[in-house]
Amino acid sequence: MITASTPRPVATTPKALLKVNDLNVYYGESHILRNVDLVIPEGEMVCLIGRNGVGKTTLLKTVIGLLQQKSGSIFYQDHELLLQPPYRRARQGIGYVSQGRDIIPQLTVRENLLLGMEALPGGLAKNRHIDPIVFDLFPILEKFLGRKGGDLSGGQQQQLAIARAMLGKPKLLLLDEPTEGIQPSIILDIERAVQRIMKETGISVLLVEQHLHFVRQSSFYYAMQRGGIVSSGPTASLSDDIVQEFLTV
């Protein structure tokens, strides 16, 4: 019972891990991202939705440093990332799984996994032990350690790409269309793995996704159109009208 003399509980808001402010990005003369504002709280999954070609992948590439902004700012753990190259951003705890997965086909599963440890202090020179958590999350990878990455199915390559990113011990994981072109049973495995990663490690996730079931597992959404954020809010408030307008199912 709360009385007049009893201090009332104060609602707390998770601290922002990533803040994107008024971001503008160009490809040559083409204005791709337009005044984008976005916040990723610590320990939360935020989903970025929108039809193909609206700038979602461009935003992720800008956060990881593969593209440079024309104006605006990106703050990660309260530090501006503008002058930081991609490898420094990775070593500060930003993991990136691209839409194309970027598995090196001629390397084995083990060798692809080891590459993820380049993001750790000392890189591969000091880190050669594969954390067994990735085999707990994705058991098929342990069975295929000696198999070449190019011989895996699309779903297995996606699991390998996420596991590789996790071996860099990120605090923020950027996932670009992780369920694209993957059979339904593997989609569910990936969804469960991401939820478990967040629960057990406290990692934050920025998810670009078209699969509605996965989208609804996030706590907050941003919808993009023509390079700008045009709608946002708690995912629980994601109405059918918004889905119809901004999300290709």
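Scroll up for the structure.
Structural notes, computed from the coordinates. Keep in mind that what you see is a predicted model, and the values were worked out from it rather than measured.

## A word on the sheet that holds strand β2 (residues 30–41)
Item 1. Strand order in the open sheet made by the 4 strands is β2-β1-β4-β5, with antiparallel pairing throughout. Two strands close off the open sheet at either side, each with one partner strand: β2 and β5 (79–80).
Item 2. Bridge count for strand β1 (residues 16–27) against β2 is 8 bridges, and the pairing is antiparallel. Its bridge partner lying in β2, Ala16 is registered against Pro41.

## Some thoughts on the packing of helix α7 (residues 154–166) against helix α8 (residues 184–201)
Item 1. Here α7 crosses α8 at 10°, and the two axes come no closer than 10 Å. Considering their axes alone, α7 and α8 lie roughly parallel with respect to each other. The chirality of how α7 crosses α8 is right-handed. Together, Gly155, Gln158, Gln159, Ile162 and Met166 of α7 and Ile186, Ile190 and Ile197 of α8 make up the contact between the two elements.
Item 2. For the contact of α7 with α8, the class distribution of residues is 5 nonpolar, 3 polar and no charged.

## Concerning the side chain of Ser218
Item 1. Of note, Ser218 is situated in the loop between α9 (212–215) and β9 (220–225).
Item 2. From its side chain, Ser218 meets the backbone oxygen of Val215 in a polar contact 2.6 Å long.
Item 3. The contacts of Ser218, once residues within four sequence positions are left out, are Met45, Val46, Cys47 and Thr235.

## Remarks on the pattern of salt bridges
Item 1. Counted according to the given criterion, the structure contains 6 salt bridges.
Item 2. A salt bridge links Lys15 to Asp78; the shortest N-O distance between them is 3.8 Å. A residue pair is termed long-range when its members are at least 10 positions apart, and Lys15 in the segment before β1 and Asp78 in the loop between β4 (71–76) and β5 qualify at 63 residues.
Item 3. Between Asp136 and Arg196 there is a salt bridge, with its nearest N and O atoms 2.4 Å apart. Highlighted residues: Asp136 in helix α5 (residues 133–137) and Arg196 in helix α8, separated in sequence by 60 residues.

## Examining the environment of Leu160
Item 1. Mapped onto the fold, Leu160 is located in helix α7.
Item 2. Looking at Leu160, the relative accessible area reads 0%, which means it is buried.
Item 3. Measuring from C-alpha to C-alpha, the distance between Leu160 and Glu80 comes to 30 Å, with 80 residues separating the pair along the chain.
Item 4. Not counting residues up to four positions away in its chain, the partners in contact with Leu160 are Ile103, Val109, Asn112, Leu113, Leu141 and Leu152.

## Quick word on the nonpolar core
Item 1. Counting 49 residues, the largest nonpolar core has Ile49, Leu113 and Val205 as the members making the most contacts within it.
Item 2. Broken down by element, the residue count for this core peaks at 7 residues, all from α8.

## Section: the sheet that holds strand β6 (residues 94–97)
Item 1. In space, the 6 strands of this open sheet follow the order β6-β7-β8-β3-β9-β10, with mixed pairing throughout. Two strands in the sheet have a free side with no partner beyond their single neighbour: β6 and β10 (228–234). Sheet twist, expressed as the average angle between the axes of neighbouring strands with direction ignored, equals 15°.
Item 2. Relative to strand β8 (residues 204–208), strand β7 (residues 172–176) runs parallel, the two being bridged by 5 bridges.

## Some points on unusual backbone geometry
Item 1. One non-glycine residue, Asn35, lies in the positive phi region at around 50°.
Item 2. The exposure class of Asn35 is partly exposed, given its relative accessible area of 46%.
Item 3. Of note in this structure, Glu177 is not a glycine but carries a positive phi near 50°.
Item 4. Its location among the elements puts Glu177 in the loop between β7 and α8.

## A short note on the side chain of Ser204
Item 1. Mapped onto the elements of the fold, Ser204 is located in strand β8.
Item 2. For Ser204, a relative accessible area of 1% gives the class buried.
Item 3. A polar contact is formed between the side chain of Ser204 and the backbone nitrogen of Gly43, at a distance of 2.8 Å.
Item 4. If sequence neighbours within four positions are ignored, Ser204 has contacts with Leu17, Ile40, Pro41, Glu42, Gly43, Glu44, Lys171, Leu172 and Leu173.

## Considering the environment of Leu175
Item 1. Checked against the element boundaries, Leu175 lands in strand β7.
Item 2. Sequence-wise, Leu175 and Asn112 are 63 residues apart; in three dimensions their C-alpha atoms are separated by 18 Å.

Calculation notes
Residues numbered from 1 in each chain as written. Predicted model: local features only at pLDDT ≥ 70, side-chain atom pairs only at ≥ 80, totals over all residues. Heavy atoms only, no water. Pairing = 2+ DSSP bridges. Helix = DSSP H or I, 4+ residues; strand = E, 2+ residues; numbered from the N terminus. Axes fitted to C-alpha atoms, helices over the stretch in contact; angles between N-to-C directions. Parallel < 35°, antiparallel > 145°, perpendicular 65-115°, else oblique. Left-handed = near helix turned anticlockwise from the far one by under 90°. Contact = heavy atoms within 4.5 Å. Nonpolar A, V, L, I, M, F, W, Y, C, P; charged D, E, K, R; others polar. Polar contact = N/O pair within 3.5 Å; in protein donor to acceptor, adjacent residues only side chain to side chain. Salt bridge = Lys/Arg side-chain N within 4 Å of Asp/Glu carboxyl O. Buried < 20%, exposed > 50% of the residue type's maximum accessible area, 1.4 Å probe, protein only. Core = buried A, V, L, I, M, F, W, Y, C linked by side-chain atoms within 4.5 Å.

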